[in-house]
Each structure stands twice: as structure tokens, then as C-alpha cells.
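Here is how the chains run, residue by residue.
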Amino acid sequence: MSSPLSDPNASTPHRHARAYTRGVEPVVFDVADGITAIDTFFGGRERYTAAYLLDAGEPAIVETGPATSFEAVVGGLERLGMGRSELAHVVLTHIHLDHGGGVGAIAERFPSATVWVHERGAAHLADPARLIASATTVYGPERMASLFGPVTPVAAGRIRALRDGDTIELGGRSLRALDAPGHAKHQVALVDSRSGAVFTGDALGIHPPDVAILRPATPPPDYDLESSIATIERIREQARGATLLFSHFGPVAEVDRICDLASERFRRWTEVVGEAMQRTQDLEEIVAILEDVAREDAETGAEAALDLQRLETLSSIRVNAMGIVRYWTKRREREGSREAGQPS
Ligand SMILES: [Zn+2]
């Protein structure tokens, strides 16, 4: 299977893709009432990126992982007894490729499933050319192919656009979409009616449980501090007494603690980069400064022997730095043009 949209310079992306999950036993575990996590083994790593199956009259998965996770996700769904014609809904928190790059392949495999995504993301699932181009500028063609594999389109007729407050009826339970910008403009958080659990996407950053740290996720082109903080507070309000389900990775019960930490770290990382930009334009210097901050965060928050390199696939400091630089550049342009427009 080769996609006309995959990068022509990349060598056999699908063979790369298969190498990650070949021979890996599917890993599934319960996280809330009628919700089961499936490890997508994204980037060949365990316990870093999840898809979730919701048990209901019309079963749904939240997130598909990239095409490189196809076998792990389908293997997990099969282990959970999900037949080809049974899966009724596929819901993405956002269209970044680690979350939804494999949606075309999953939609093909489960032909009855309706695909739900933020209204700003819908067109990109039907025609992923711009999404691929944008991710390629961030990752480069080789890492694009090896990390994510081919990105195939979803038939437009199967896609439903989500707006804030929309509800997806699953039969016996439902998912309510919350507009959740900050990490990306095309992100929704999802509230499960039965358990109260909230799927956070990347709104609170990433929280790999085996290293117990929380790292902001601030990629270009959309990252915006004010939207991120507002989204974190909305999620906090919705999730009181319930569980947060991170795409990276798994359930977190201490809602206030993790929301406080996320909000503090998004602010701090953004301020540190803003200050650095007063002194230098050099991205390498800015990356080095942010790396120091990330190391401090890890030392204060984590168990011993943390290997920061392991986080680079999910949340590269360079990509985060690029996103924050872009945020400040846009913000200063905005403020500059406002000042310039004022009568003297
Ligand atoms: Zn992500």
C-alpha cells in the first residue's frame, strides 16, 4: 500500500512503519468505567502514546496513532473483540500525526466508522497534503517517513466536524467536545458522560507515567500561551472528581495538581524563551536555554535516572522552542501594529 501523498524522497515508508510493531503483542489496559487504553507503540516506545476504546452501543476509539501504529492499534482492538464492522466511531483530539496520522488506514479497516474531528481539522483529513507539508517542514522527510509512515485521506462523506459543545452519541454514553486551543487551533478535549473522564489530547502537555514528569507541548505553528492557560482551566473545571486521560500517556487522577503544574510550566517555558529572545536570535542558543529548564523540571519532578533523550521523539525541545519563538514573534507583531496604529 503506497500513498501518492507520501514523500517521494523517503524510502519505502511502509516497511519502516511495520518494523515498529511487528511481533509486538498488543497491550491494552482499563483506565475508567468502560474505557480501555491501547498502547500505540508510537516511535517504538511503550507507554508513550495511547488510543482509547469506549465500550458502548456504538463503540468508539479516541485517537488512532500514526500509520506506523496501525498494527498495534488494530491488534489491540481485535484483542478487545472489536470486529471490522462493529467499530462505529473514530474520534481525534487533533490532527497532529502522532494522534491521527493513521486515521485513513483505520477508517479503511473499519468501514462502518464515522470519523470526528475539530471543524478546523476536517478538511485536512479529507486532503492531507498541507498537513504532510507542514509536518515535513518540522521533522524533515526522513523522520516523517520513519516516525509516522504514510498519511492517507479519509473519504469526505465519513468525516463529521466538531464544534464546541457538540455531542457524539455512542448509545448508552456520549462524548462532549470542548474547544481546546493552545497546543493547536484544531484541538478538542472530550468529556465522557459515563465516567466523567476527560480526554486531554496534548492540552496539558505530555506526561509519560514511567518518568512521572510533565512537559509542555508548544509546537509551531499554533502554540499560544493565553489559549493554553484558558484550556487548562476549562479542563480542570470539567474534570473535577474524575480522571484525565492523556494521549501521552494514560490516566491521571490528581486533576488540580496536574493542572497547576501544566499551567505553571507552560508559563515558565514561554517566559524563558521570551527573555532569551531579548538577548539572541539564534535558535540553537534558545534551544540550549530551554533544555536547561527542561532538565531542572525533570530533576524536581521525576524519579531518578531519567533519560531525557527518550522524550525527544514526543516532545522535542527544539520543536517546542520553535513554537514559543513563533508565539512571541506573532504577539510582538500584533502589539507593534496596535501601537503603530494608535493616533499620536
Ligand atoms: Zn501529541
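Just above sits the structure.
Quick summary incoming for the structure in this document. (Residues numbered from 1 in each chain as written. Predicted model: local features only at pLDDT ≥ 70, side-chain atom pairs only at ≥ 80, totals over all residues. Heavy atoms only, no water.)

## A look at the packing of aromatic side chains
Moving on, step 1. Under the criterion given, the structure shown has 7 aromatic pairs.
Moving on, step 2. Between Phe29 and Phe249, the aromatic rings sit 5.9 Å apart at their centres with planes inclined by 40 degrees, giving tilted as the arrangement. Taken as a pair, Phe29 in strand 1 (residues 28–32) and Phe249 in the loop between strand 12 (244–246) and strand 13 (250–252) lie far apart in primary sequence, 220 residues in all.
Moving on, step 3. Judged by its relative accessible area of 3%, Phe249 falls in the buried class.
Moving on, step 4. Taking the centre distance of 5.3 Å and the plane angle of 65 degrees together, the rings of Tyr52 and Phe199 count as edge-to-face. You can see Tyr52 sitting in strand 3 (residues 50–54) and its partner Phe199 sitting in strand 11 (residues 198–201), a full 147 residues away along the chain. (Phe/Tyr/Trp six-rings, centres within 6.5 Å; stacked < 30°, edge-to-face > 60°. Helix = DSSP H or I, 4+ residues; strand = E, 2+ residues; numbered from the N terminus. Buried < 20%, exposed > 50% of the residue type's maximum accessible area, 1.4 Å probe, protein only.)

## Comments concerning the coordination of the zinc ion
Moving on, step 1. Donor atoms from the polypeptide that bind the zinc ion are Asp98 (OD), His99 (NE2), Asp202 (OD) and His248 (NE2), placed at 2.1 to 2.3 Å.
Moving on, step 2. Donor residues for the zinc ion sit on one chain with the sequence pattern D-H-x102-D-x45-H. Linking His99 in helix 3 (residues 97–100) with Asp202 in the loop between strand 11 and helix 8 (225–239), this pair joins segments that are 103 residues apart in sequence. By the burial criterion, His99 is buried, and Asp202 matches it. (Donors = N, O, S within 2.8 Å, 3.2 Å for Na, K, Ca; no water.)

## As for the sheet that holds strand 10 (residues 188–192)
Moving on, step 1. An order of 8-9-10-11-12-13 is seen for the 6 strands of this open sheet, with the pairing classed as mixed. Both outer strands of the open sheet, strand 8 (167–169) and strand 13, are each paired with one neighbouring strand and no more. Strand-to-strand, the axes of this sheet are offset by a mean angle of 25 degrees, without reference to chain direction.
Moving on, step 2. In this structure, strand 9 (residues 174–179) lies alongside strand 10, joined through 5 bridges in antiparallel fashion. Opposite Leu175, over in strand 10, you have Asp192 as the bridge partner. (Pairing = 2+ DSSP bridges. Axes fitted to C-alpha atoms, helices over the stretch in contact; angles between N-to-C directions.)

## Section: the sheet that holds strand 6 (residues 114–118)
Moving on, step 1. Taking strand neighbours across the sheet as the criterion, the 7 strands line up as 1-2-3-4-5-6-7 in an open arrangement whose pairing is mixed. One side of each edge strand has no neighbouring strand; the edge strands of this open sheet are strand 1 and strand 7 (159–162). Strand-to-strand twist of the sheet, defined as the mean angle between neighbouring strand axes without regard to direction, takes the value 25 degrees.
Moving on, step 2. Strand direction decides the pairing type here: strand 6 and strand 7, joined by 4 bridges, are parallel.

## Considerations on the packing of helix 8 against helix 9 (residues 255–279)
Moving on, step 1. The interhelical angle for the contact between helix 8 and helix 9, taken along N-to-C directions, is 180 degrees, at an axis separation of 10 Å. Viewed along their axes, helix 8 and helix 9 adopt a mutual orientation that is roughly antiparallel. Every residue of helix 9 that contacts helix 8 at Leu225, Ser228, Ile229, Ile232, Arg236 and Ala239 is listed here: Val255, Asp256, Cys259, Asp260, Ala262, Ser263, Phe266, Arg267 and Thr270.
Moving on, step 2. Taken together, the residues that form the contact of helix 8 with helix 9 break down as 8 nonpolar, 3 polar and 4 charged. (Parallel < 35°, antiparallel > 145°, perpendicular 65-115°, else oblique. Contact = heavy atoms within 4.5 Å. Nonpolar A, V, L, I, M, F, W, Y, C, P; charged D, E, K, R; others polar.)

## Here we look at the nonpolar core
Moving on, step 1. In terms of nonpolar packing, the biggest core is built from 39 residues, with Leu204, Leu244, Ile258 and Val273 touching the most fellow members.
Moving on, step 2. When residues of this core are traced back to their parent elements, those giving at least two are strand 10, helix 8, strand 12, helix 9, helix 10 (283–301) and helix 11 (317–341).
Moving on, step 3. When residues in this core are grouped by element, the largest group, 11 residues, is from helix 9.
Moving on, step 4. With residues near it in sequence (within four places) discarded, Val273 still touches Ile286, Leu290, Ile324, Val325 and Trp328.
Moving on, step 5. Core analysis: the next-biggest nonpolar cluster, separate from the first, contains 32 residues, Ala122, Leu147, Phe148 and Ile159 among them. (Core = buried A, V, L, I, M, F, W, Y, C linked by side-chain atoms within 4.5 Å.)

This is a description of form; function is not addressed.
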